[in-house]
Amino acid sequence: MQPFLERVKSGPVLVADGAMGSFLMEHGLQPGEAPESFNLSRRDVLREVAGLYLEAGAEVVQTNTFGGSALKLAAYGLDDRTEEINRLAVEAVRKVVDGKAYVSGSCGPCGRTLLPYGDAEPDDVRASFSRQIEGLVEAGVDVLCIETMTDLTEARLAIEAARDVSADIPVMATMTFDAIPRGFYTIMGVDVPSAAAGLLEAGANLVGSNCGNGIENMVAIAREFRSCTDAPMLIQSNAGLPQLVDGEVVYSETPEFMAAHAAELLELGVQVIGGCCGTTPAHIRALKQALHG
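This is a predicted model, so every value here is computed, not measured. (Residues numbered from 1 in each chain as written. Predicted model: local features only at pLDDT ≥ 70, side-chain atom pairs only at ≥ 80, totals over all residues. Heavy atoms only, no water.)

Chemist: How should the overall build of the protein be read in this particular structure?
Modeler: Each helix and strand counted, the protein has 13 helices and 12 strands in total. Computed over C-alpha atoms, the radius of gyration of the protein comes to 17 Å, within 12% of the 19 Å expected from 2.2 N^0.38 for 293 residues, which places it in the range of a compact globule. Projected onto its principal axes, the C-alpha coordinates of the protein cover approximately 45 × 45 × 40 Å. Looking at the protein residue by residue over its 293 residues, the buried ones come to 53%. Put simply, of all contacts in the protein between residues at least 6 apart along the chain, 78% involve residues at least 24 apart. As displayed, the protein has an accessible area near 12,100 Å², and 50% of this comes from carbon and sulfur atoms. For the protein, the centre of its 21 positive side-chain charges and the centre of its 40 negative side-chain charges are spaced 5 Å apart. (Helix = DSSP H or I, 4+ residues; strand = E, 2+ residues; numbered from the N terminus. Rg over C-alpha atoms; globule rule 2.2 N^0.38 Å. Buried < 20%, exposed > 50% of the residue type's maximum accessible area, 1.4 Å probe, protein only. Contact = heavy atoms within 4.5 Å. Areas by Shrake-Rupley, 256 points an atom, 1.4 Å probe, with all protein chains shown as cover. Lys, Arg positive; Asp, Glu negative; His and termini not counted. Charge placed at Lys NZ, Arg CZ, Asp CG, Glu CD.)

Chemist: What's the story with the sheet that holds strand 2 (residues 60–62) in this structure? I'm lost.
Modeler: The pairing of strands in a sheet happens through backbone hydrogen bonds and is either parallel or antiparallel. Pairing in this open sheet of eight strands is parallel, and the strands run 1-12-9-8-5-4-3-2 from one edge to the other. Each edge of the open sheet is held by one strand with a lone partner, namely strand 1 (14–15) and strand 2. Pairing geometry for strand 5 (residues 171–175) and strand 8 (residues 206–210), over four bridges, is parallel. Looking across to strand 8, one finds that methionine 172 is bridged to leucine 206. Strands strand 3 (102–107) and strand 4 (143–149) of the sheet are contacted by helix 7 (residues 122–139), whose axis makes an angle of about 165 degrees with strand 3. The sheet strands contacting helix 8 (residues 152–165) are strand 4 and strand 5, and the helix crosses strand 4 at an angle near 170 degrees. (Pairing = 2+ DSSP bridges. Axes fitted to C-alpha atoms, helices over the stretch in contact; angles between N-to-C directions.)

Chemist: I tried to follow empty space enclosed by the protein on my own but got confused; where do I start?
Modeler: Which parts of space are left empty comes out when a probe the size of a water molecule is rolled across the atoms. The tally for this structure, following the rule as stated, stands at one cavity of 30 Å³ or more. In terms of lining residues, the largest cavity is bounded by Asp17, Met20, Leu46, Val49, Ala50, Tyr53, Val61, Gln62, Asn64 and Val93. Elements supplying a minimum of two residues to the lining of the largest cavity: helix 4 (43–56) and strand 2. Considering each element in turn, the lining of the largest cavity owes the most residues, four residues, to helix 4. Considered class by class, the residues forming the lining of the largest cavity number seven nonpolar, two polar and one charged. (1 Å grid on protein atoms, 1.4 Å probe; cavity = no way out; pocket = protein on both sides within 12 Å on 5 of 7 lines; lining within 4 Å. Points joined across faces, edges and corners; volume = space filled by probe spheres on them. Nonpolar A, V, L, I, M, F, W, Y, C, P; charged D, E, K, R; others polar.)

Below, the structure written as structure tokens:
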């Protein structure tokens, strides 16, 4: 396979995978249990998920490390196993994709609020991400995905931590926006132009958005990104917004509905397109068909 950034630049669009958490819950993840604990005890589930997405056509497959930073794992008493948890997640995916897809190291928020709004020191947050990213990079990820960020300062700290670990590792960085009357903003008040500028300045190679929106809003968000930057872009939308139906969380956007809007993302020059909450291998299969025929 080409190095990730070479592949992004040469095209065609890369199809990424979809949701992870729903699979873990189907396989016994309990409320209050760390999803990353499966990396220690249920790697068979991680291999199964990776295999389903690979079979569906995903060319970028994520690791089960969204909450794998030391600070996040500390809430479950697992921070002393940070590097191991991240390493095992990469090994599980690599064993399945075996060079047929890129392995993406997922890095989500640390679960703490930075000063002055919370009690987390910036140096501690950066060090927490560094420990996670060291485990991911040493295990051989092809790209890092710093995702679902709402605080631009935290996102920048994660990107800077990645650059501390490796000057060369490709970094994708996405933020989660809400639609309000004035436009799209994160819950911390970050708009799209500020996000694009800040993420790129910190050292991200690809920028964009994931989570929080269905495909139609994501097209609008992608349009805003493209209006303020020519940088490569990543978009991973939910299958709509979650709804509670008969006591179960349901996402209403079908694979066909999501795939029907894929051409709009292509027209905006989005280089990596995948799914987030509520998406399944069926969604990824439909995206792959729409994008690659």
